[in-house]
Amino acid sequence: MAETKGPSRKAQKLSTLSLFQQPIHPGSAISAMNFSVAAVRQILLAADALEREDPLRRAKRLAKRRVALLFYEASTRTRTSFELAAKALGADTTLVSSLSSSIEKGETLKDTGITLKALGAECIILRSPYSGAPYLLAQTTGLPVLNAGDGMAEHPSQALLDLRTILQRLKIRASAVNEKCLRGITLTICGDVLHSRVARSNALLLPRLGARIIFCGPEELLPESATAMGPGVSIERDFDTALRQSQVAMVLRIQAERLAGLKIDLDEYRRRYQANTERIAACAPKTPILHPGPIIRGMEITDEVADGPQSAIAAQVANGVPVRMALVARALKGGRR
Ligand code: CP
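Note that the coordinates shown come from a computational prediction; the quantities given were computed from them, not determined experimentally. (Residues numbered from 1 in each chain as written. Predicted model: local features only at pLDDT ≥ 70, side-chain atom pairs only at ≥ 80, totals over all residues. Heavy atoms only, no water.)

Observations regarding the overall build of the protein chain
Secondary structure summary: the protein chain contains 13 helices and nine strands in total. Here the protein chain has a C-alpha radius of gyration of 21 Å; the compact-globule value for 337 residues is 20 Å, and the two agree. By the burial criterion, 52% of the 337 residues in the protein chain qualify as buried. Expressed as a percentage of contacts within the protein chain between residues at least 6 apart in sequence, the contacts between residues at least 24 apart total 75%. Roughly 16,000 Å² of accessible area belongs to the protein chain as shown, and the carbon and sulfur atoms make up 55% of that amount. Of the charged side chains in the protein chain, 46 are positive and 32 negative; the average position of the first set lies 9 Å away from that of the second. (Helix = DSSP H or I, 4+ residues; strand = E, 2+ residues; numbered from the N terminus. Rg over C-alpha atoms; globule rule 2.2 N^0.38 Å. Buried < 20%, exposed > 50% of the residue type's maximum accessible area, 1.4 Å probe, protein only. Contact = heavy atoms within 4.5 Å. Areas by Shrake-Rupley, 256 points an atom, 1.4 Å probe, with all protein chains shown as cover. Lys, Arg positive; Asp, Glu negative; His and termini not counted. Charge placed at Lys NZ, Arg CZ, Asp CG, Glu CD.)

And the structure:
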């Protein structure tokens, strides 16, 4: 029997390249860079309008449309708020998590996506430990994919809800969002920046609105160079110095699950980088304090600061629902496929 020859190495390479050149559904949100400044304004205006809308009327917007939540990693805030957002628009939702599905038996991301599409899913919300997984899923299914956090890469919906929180604290309306609306505003992001997809998405979004970002933390938890993160981002190792320059601050937890053997002296970390009452009173007495969660009380932030008047943590969580309503509505715009 004649042996069937497979594609040549060159053809394989070309087909892989063409895979990465395939357009993805325009309703997808894979990276903060997917949103132009005008699109950011539109999303935030839509979030305002959807939040104000009569719930019965709102629930007709996506009545009976099917949204799948595919979560390969633990989540409380993102999963719940995406689910509540889709349901508030009237969509039917289904949750597939790695512990209770055929993912456990070894089913691939591609086959899981194809299966969800065959079951009628019109949009997939994906959290994955692998950077780039949402892009791959968007390519293989042709569906709009909303990135709910991929590895150490990005968390674009978190950056949008962080932006909404910052604008509320600074009393800037969504209609005023433009390339200069955050000019003169510095945001310090302190903690495990290296492993943080939240830090990365914020660094890709906020400087395009005029903000300056300072990354702060121990050397081993910071990127080697701030310039690699793009314009408007710098590094300051001293938290007090960074806070004194900032109008907004965000603290991050140390991501123990991604440290890969890296050892951190936790007492030293608390001493130098903890957001505690003394430090905040001395260096940032009026600065809103954000944290994407989950928070580790007594480590990167104390009870007093997390629950105090400057904390914007609950506002961030609450902003998750309207922002994600706007993203789900955007993904399913244009009617049933
Ligand atoms: N901010 C955030 O992504 O939280 P969860 O991991 O709980 O979704």
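Points about the site of the ligand
Surveying the vicinity of the ligand reveals the residues S75, T76, R77, T78, R127, H155, Q158, P292 and G293. At 2.9 Å, a side-chain N or O of H155 approaches an oxygen atom of the ligand. Coverage of the ligand by the protein chains reaches 93% of its 250 Å² of free accessible surface. Looking at which domains feed residues into the shell around the ligand, each of domain 1 (24-155 + 320-331) and domain 2 (156-256 + 263-317) supplies at least three. (Near = heavy atom within 4 Å. Polar contact = N/O pair within 3.5 Å; in protein donor to acceptor, adjacent residues only side chain to side chain. Domains from an automatic or database assignment.)

Remarks on the confidence of the model for the protein chain
Reading fine detail from the predicted coordinates is not recommended where pLDDT is low. Per-residue confidence for the protein chain gives a mean pLDDT of 92; residues scoring 70 or more make up 92%. Every residue in residues 1-7 is under pLDDT 50, and counting partners more than four places away or in other chains gives one contact. (pLDDT = per-residue confidence, 0-100.)

Topic: the side chain of R324
When you line up the elements, R324 lands in helix α13 (residues 313-331). In this structure R324 is buried but unpaired, with D162 as the nearest side chain of opposite charge at 8.0 Å. In terms of polar contacts, R324 uses its side chain to reach the side chain of S81, at 2.6 Å. (Salt bridge = Lys/Arg side-chain N within 4 Å of Asp/Glu carboxyl O.)

Brief notes about α13
An ideal rise of 1.5 Å per residue puts 27 Å on 19 residues; α13 measures up with 27 Å between its terminal C-alpha atoms. At G320, α13 shows its largest bend, some 30°, and a proline, P322, comes one to four positions later. Taken together, the buried positions of α13 are I313, Q316, N319, G320, P322, V323, R324, M325, A326, L327, V328 and A331. (Expected span 1.5 Å × (residues − 1). Bend = angle between axes of the 7 residues up to and from the residue.)

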